[in-house]
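# Summary of structural features
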Amino acid sequence: NSVDEECDYLFKAVLIGDSAVGKSNLLSRFAKDEFYLDSKPTIGVEFAYRNIRVGDKLIKSQIWDTAGQERFRAITSSYYRGALGALLVYDITRRSTFENLRKWLKELREFGSPEMVIVLVGNKSDLSQSREVKLEDGQSLAQLEELSFMETSAKENLNVEEAFLQMITRIYELN
Ligand code: GDP
(Lines give C-alpha, C1' and ligand atoms only; values in the text may rest on other atoms or scores of the structure.)
Protein backbone atom coordinates (compact mmCIF):
# COMPACT_ATOMS: atom_id res chain seq x y z
CA ASN A 1 0.00 0.00 0.00
CA SER A 2 2.92 2.30 -0.62
CA VAL A 3 2.20 5.85 -1.75
CA ASP A 4 4.96 5.55 -4.33
CA GLU A 5 3.62 2.43 -6.00
CA GLU A 6 2.88 2.92 -9.70
CA CYS A 7 -0.85 3.45 -10.07
CA ASP A 8 -3.10 3.49 -13.12
CA TYR A 9 -5.56 6.01 -11.73
CA LEU A 10 -5.48 8.65 -9.04
CA PHE A 11 -8.59 10.35 -7.82
CA LYS A 12 -9.87 12.50 -5.00
CA ALA A 13 -12.86 11.82 -2.77
CA VAL A 14 -14.15 13.75 0.23
CA LEU A 15 -15.82 13.03 3.55
CA ILE A 16 -18.63 15.32 4.59
CA GLY A 17 -21.25 15.51 7.32
CA ASP A 18 -21.73 17.11 10.73
CA SER A 19 -19.06 17.29 13.38
CA ALA A 20 -18.44 14.11 15.43
CA VAL A 21 -20.39 11.73 13.18
CA GLY A 22 -17.18 9.69 12.78
CA LYS A 23 -15.63 10.95 9.54
CA SER A 24 -12.04 10.93 10.81
CA ASN A 25 -12.44 7.47 12.30
CA LEU A 26 -13.99 6.06 9.13
CA LEU A 27 -11.00 7.36 7.23
CA SER A 28 -8.41 6.10 9.71
CA ARG A 29 -10.16 2.73 9.75
CA PHE A 30 -10.09 2.54 5.97
CA ALA A 31 -6.60 3.94 5.43
CA LYS A 32 -4.76 2.57 8.48
CA ASP A 33 -7.16 0.18 10.23
CA GLU A 34 -7.09 2.34 13.36
CA PHE A 35 -9.84 3.71 15.60
CA TYR A 36 -9.64 6.52 18.18
CA LEU A 37 -11.92 6.83 21.20
CA ASP A 38 -11.41 10.57 21.48
CA SER A 39 -11.66 12.71 18.43
CA LYS A 40 -8.64 14.86 17.85
CA PRO A 41 -9.63 18.50 17.47
CA THR A 42 -7.35 19.28 14.57
CA ILE A 43 -8.28 22.17 12.33
CA GLY A 44 -7.79 22.27 8.59
CA VAL A 45 -7.90 19.78 5.77
CA GLU A 46 -6.12 16.47 5.97
CA PHE A 47 -6.13 13.54 3.65
CA ALA A 48 -5.10 9.93 3.45
CA TYR A 49 -4.30 7.62 0.57
CA ARG A 50 -5.20 4.07 -0.09
CA ASN A 51 -4.44 1.92 -3.10
CA ILE A 52 -7.10 -0.48 -4.34
CA ARG A 53 -6.77 -3.14 -6.97
CA VAL A 54 -9.76 -3.43 -9.32
CA GLY A 55 -9.15 -6.18 -11.85
CA ASP A 56 -5.65 -5.54 -13.20
CA LYS A 57 -5.73 -1.82 -12.43
CA LEU A 58 -4.23 -0.15 -9.41
CA ILE A 59 -6.30 2.79 -8.23
CA LYS A 60 -4.94 5.28 -5.76
CA SER A 61 -7.62 7.19 -3.90
CA GLN A 62 -6.82 10.37 -2.07
CA ILE A 63 -9.53 10.86 0.54
CA TRP A 64 -9.96 14.21 2.24
CA ASP A 65 -11.21 14.75 5.75
CA THR A 66 -12.62 18.09 6.87
CA ALA A 67 -10.70 17.76 10.13
CA GLY A 68 -13.10 20.02 11.99
CA GLN A 69 -13.78 22.77 9.45
CA GLU A 70 -17.49 21.91 9.43
CA ARG A 71 -17.86 23.17 13.01
CA PHE A 72 -17.29 26.67 11.71
CA ARG A 73 -19.41 26.21 8.59
CA ALA A 74 -16.22 27.02 6.76
CA ILE A 75 -15.86 24.24 4.24
CA THR A 76 -14.59 26.00 1.19
CA SER A 77 -15.25 25.22 -2.45
CA SER A 78 -11.61 24.14 -2.81
CA TYR A 79 -12.38 21.20 -0.52
CA TYR A 80 -14.77 19.83 -3.15
CA ARG A 81 -12.72 20.82 -6.19
CA GLY A 82 -11.87 17.87 -8.39
CA ALA A 83 -13.56 15.36 -6.09
CA LEU A 84 -15.17 12.45 -7.94
CA GLY A 85 -16.71 10.87 -4.88
CA ALA A 86 -18.09 11.70 -1.46
CA LEU A 87 -19.05 9.78 1.64
CA LEU A 88 -21.91 11.72 3.19
CA VAL A 89 -21.94 10.69 6.84
CA TYR A 90 -24.51 11.02 9.64
CA ASP A 91 -24.66 9.50 13.12
CA ILE A 92 -27.55 7.08 13.69
CA THR A 93 -27.68 8.14 17.38
CA ARG A 94 -28.20 11.86 16.62
CA ARG A 95 -31.28 12.79 14.61
CA SER A 96 -29.96 16.32 13.92
CA THR A 97 -27.06 14.90 11.91
CA PHE A 98 -29.61 13.19 9.66
CA GLU A 99 -31.77 16.32 9.34
CA ASN A 100 -28.69 18.29 8.31
CA LEU A 101 -28.04 15.99 5.33
CA ARG A 102 -30.22 18.27 3.22
CA LYS A 103 -27.84 21.13 3.79
CA TRP A 104 -24.86 18.91 2.95
CA LEU A 105 -26.48 17.62 -0.22
CA LYS A 106 -27.22 21.16 -1.30
CA GLU A 107 -23.62 22.17 -0.73
CA LEU A 108 -22.35 19.05 -2.53
CA ARG A 109 -24.48 19.83 -5.52
CA GLU A 110 -23.47 23.46 -5.51
CA PHE A 111 -19.71 22.93 -5.23
CA GLY A 112 -19.18 19.35 -6.35
CA SER A 113 -19.05 18.03 -9.87
CA PRO A 114 -22.44 16.86 -11.24
CA GLU A 115 -21.19 13.28 -11.78
CA MET A 116 -19.90 12.93 -8.24
CA VAL A 117 -20.53 9.48 -6.74
CA ILE A 118 -22.18 9.94 -3.35
CA VAL A 119 -22.50 7.16 -0.81
CA LEU A 120 -24.74 7.89 2.18
CA VAL A 121 -23.37 6.42 5.41
CA GLY A 122 -25.19 6.02 8.73
CA ASN A 123 -22.31 5.55 11.16
CA LYS A 124 -22.17 4.17 14.75
CA SER A 125 -24.33 1.14 14.01
CA ASP A 126 -22.77 -0.49 17.09
CA LEU A 127 -24.80 1.93 19.25
CA SER A 128 -28.20 0.58 18.24
CA GLN A 129 -29.56 0.96 21.81
CA SER A 130 -29.35 4.75 21.38
CA ARG A 131 -30.54 4.82 17.80
CA GLU A 132 -32.49 7.95 16.73
CA VAL A 133 -32.51 7.28 12.97
CA LYS A 134 -34.16 4.14 11.67
CA LEU A 135 -32.44 2.05 9.03
CA GLU A 136 -35.47 2.65 6.80
CA ASP A 137 -35.06 6.44 7.09
CA GLY A 138 -31.57 6.15 5.63
CA GLN A 139 -32.81 3.81 2.93
CA SER A 140 -35.68 6.11 1.92
CA LEU A 141 -33.50 9.18 1.70
CA ALA A 142 -30.95 7.27 -0.37
CA GLN A 143 -33.66 6.08 -2.71
CA LEU A 144 -35.13 9.56 -3.06
CA GLU A 145 -31.76 11.17 -3.76
CA GLU A 146 -30.48 8.20 -5.81
CA LEU A 147 -27.50 7.49 -3.57
CA SER A 148 -25.92 4.26 -2.42
CA PHE A 149 -26.44 3.67 1.28
CA MET A 150 -25.12 1.64 4.15
CA GLU A 151 -24.83 1.72 7.90
CA THR A 152 -21.32 1.38 9.30
CA SER A 153 -19.42 1.17 12.54
CA ALA A 154 -15.93 2.63 12.47
CA LYS A 155 -15.57 1.33 16.02
CA GLU A 156 -16.44 -2.29 15.28
CA ASN A 157 -15.11 -2.10 11.72
CA LEU A 158 -18.48 -3.00 10.19
CA ASN A 159 -19.12 -2.13 6.52
CA VAL A 160 -16.38 0.51 6.46
CA GLU A 161 -14.38 -1.22 3.75
CA GLU A 162 -17.61 -1.86 1.83
CA ALA A 163 -18.70 1.79 1.91
CA PHE A 164 -15.40 3.11 0.57
CA LEU A 165 -15.03 0.31 -1.95
CA GLN A 166 -18.51 0.89 -3.29
CA MET A 167 -17.66 4.53 -3.89
CA ILE A 168 -14.27 3.75 -5.43
CA THR A 169 -15.44 1.00 -7.78
CA ARG A 170 -18.37 3.15 -8.92
CA ILE A 171 -16.03 6.06 -9.68
CA TYR A 172 -13.80 3.66 -11.60
CA GLU A 173 -16.76 2.38 -13.62
CA LEU A 174 -17.86 5.91 -14.52
CA ASN A 175 -14.45 7.23 -15.52
P1 GDP B 1 -15.71 13.57 12.94
O2 GDP B 1 -15.76 14.87 13.70
O3 GDP B 1 -16.91 13.41 12.06
O4 GDP B 1 -14.42 13.37 12.20
O5 GDP B 1 -15.85 12.39 14.03
P6 GDP B 1 -14.71 11.53 14.76
O7 GDP B 1 -14.17 10.49 13.84
O8 GDP B 1 -13.72 12.45 15.37
O9 GDP B 1 -15.57 10.77 15.88
C10 GDP B 1 -16.30 11.49 16.85
C11 GDP B 1 -16.49 10.62 18.10
O12 GDP B 1 -17.33 9.48 17.74
C13 GDP B 1 -15.21 10.02 18.64
O14 GDP B 1 -15.30 9.99 20.05
C15 GDP B 1 -15.16 8.62 18.08
O16 GDP B 1 -14.45 7.74 18.90
C17 GDP B 1 -16.65 8.27 18.02
N18 GDP B 1 -16.98 7.32 16.94
C19 GDP B 1 -16.65 7.41 15.62
N20 GDP B 1 -17.15 6.37 14.93
C21 GDP B 1 -17.80 5.59 15.83
C22 GDP B 1 -18.53 4.36 15.72
O23 GDP B 1 -18.69 3.74 14.66
N24 GDP B 1 -19.08 3.88 16.88
C25 GDP B 1 -18.93 4.51 18.08
N26 GDP B 1 -19.51 3.95 19.16
N27 GDP B 1 -18.26 5.67 18.21
C28 GDP B 1 -17.70 6.20 17.10
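Above this text is the structure in question.
Before going into details, it helps to say that this report is about the structure given with it. Values in this document were obtained by computation on a predicted structure and should not be read as measured data.

Turning our eyes to something else, we now look at the sheet that holds strand β3 (residues 57-65). Within the open sheet, the six strands sit side by side as β2-β3-β1-β4-β5-β6. Their pairing is mixed. Here the strands that pair on one side only, and so sit at the sheet edges, are β2 (46-54) and β6 (148-152). Strand-to-strand twist in this sheet, taken as the mean axis angle between neighbours without regard to direction, amounts to 25 degrees. Bridge count between strand β5 (residues 117-123) and β6: five bridges; the pairing is parallel. The partner of L120 across the bridge, within β6, is F149. Here helix α4 (residues 101-111) sits on the sheet in contact with β1 (9-16), β4 (83-91) and β5, set at roughly 170 degrees to β4.

So, about the packing of helix α1 (residues 23-32) against helix α6 (residues 160-174). Following both chains from N to C, one finds α1 and α6 inclined at 85 degrees, their axes separated by 9 Å at the closest point. For the element pair α1 / α6, the angle class is roughly perpendicular. Along the contact surface, α1 presents L26, L27, R29 and F30, while α6 presents V160, E161, F164, L165 and I168. Each residue belonging to the contact of α1 with α6 can be placed in one class, and the counts come to seven nonpolar, no polar and two charged.

A separate point is the environment of D126. Following the sequence through the fold, D126 ends up in the loop between β5 and α5 (135-145). In this structure the C-alpha to C-alpha distance between D126 and E151, which are 25 residues apart in sequence, comes to 9.7 Å. Those residues in contact with D126 that sit more than four places away from it in its chain are S153, K155 and E156. A polar atom in the side chain of D126 sits 2.8 Å from the side chain of S153.

Glancing now at the pairing of β4. Among the nine residues that make up β4, eight are buried, leaving the element largely enclosed by the rest of the structure. Note that β1 and β4 share five bridges and pair parallel. Pairing of I16 across the sheet is with L88, part of β4. The pairing of β4 with β5 spans seven bridges and is parallel.

Before going further, it helps to examine the packing of aromatic side chains. On inspection of all chains with the given rule, the structure shows eight aromatic pairs. Here the aromatic rings of W64 and Y79 are separated by 6.2 Å at their centres, their planes lie at 75 degrees, and the arrangement is edge-to-face. Placement of the pair is W64 in strand β3 and Y79 in helix α2 (residues 77-80), with a sequence separation of 15 residues. On the basis of relative accessible area, W64 is assigned to the buried category, the value being 17%. An aromatic cluster of at least three residues, connected via ring pairs, comprises F47, Y49, W64, Y79, Y80 and F111. Between R50 and the ring centre of F30, over which it is positioned, the NZ or CZ distance is 4.3 Å. Of note, K60 hangs over the ring of Y49, and the distance from its end group to the ring centre comes to 5.2 Å.

What counts, and where the lines are drawn
- Residues numbered from 1 in each chain as written.
- Predicted model: local features only at pLDDT ≥ 70, side-chain atom pairs only at ≥ 80, totals over all residues.
- Heavy atoms only, no water.
- Pairing = 2+ DSSP bridges.
- Helix = DSSP H or I, 4+ residues; strand = E, 2+ residues; numbered from the N terminus.
- Axes fitted to C-alpha atoms, helices over the stretch in contact; angles between N-to-C directions.
- Contact = heavy atoms within 4.5 Å.
- Parallel < 35°, antiparallel > 145°, perpendicular 65-115°, else oblique.
- Nonpolar A, V, L, I, M, F, W, Y, C, P; charged D, E, K, R; others polar.
- Polar contact = N/O pair within 3.5 Å; in protein donor to acceptor, adjacent residues only side chain to side chain.
- Buried < 20%, exposed > 50% of the residue type's maximum accessible area, 1.4 Å probe, protein only.
- Phe/Tyr/Trp six-rings, centres within 6.5 Å; stacked < 30°, edge-to-face > 60°.
- Lys NZ or Arg CZ within 6 Å of the ring centre and 35° of its normal.

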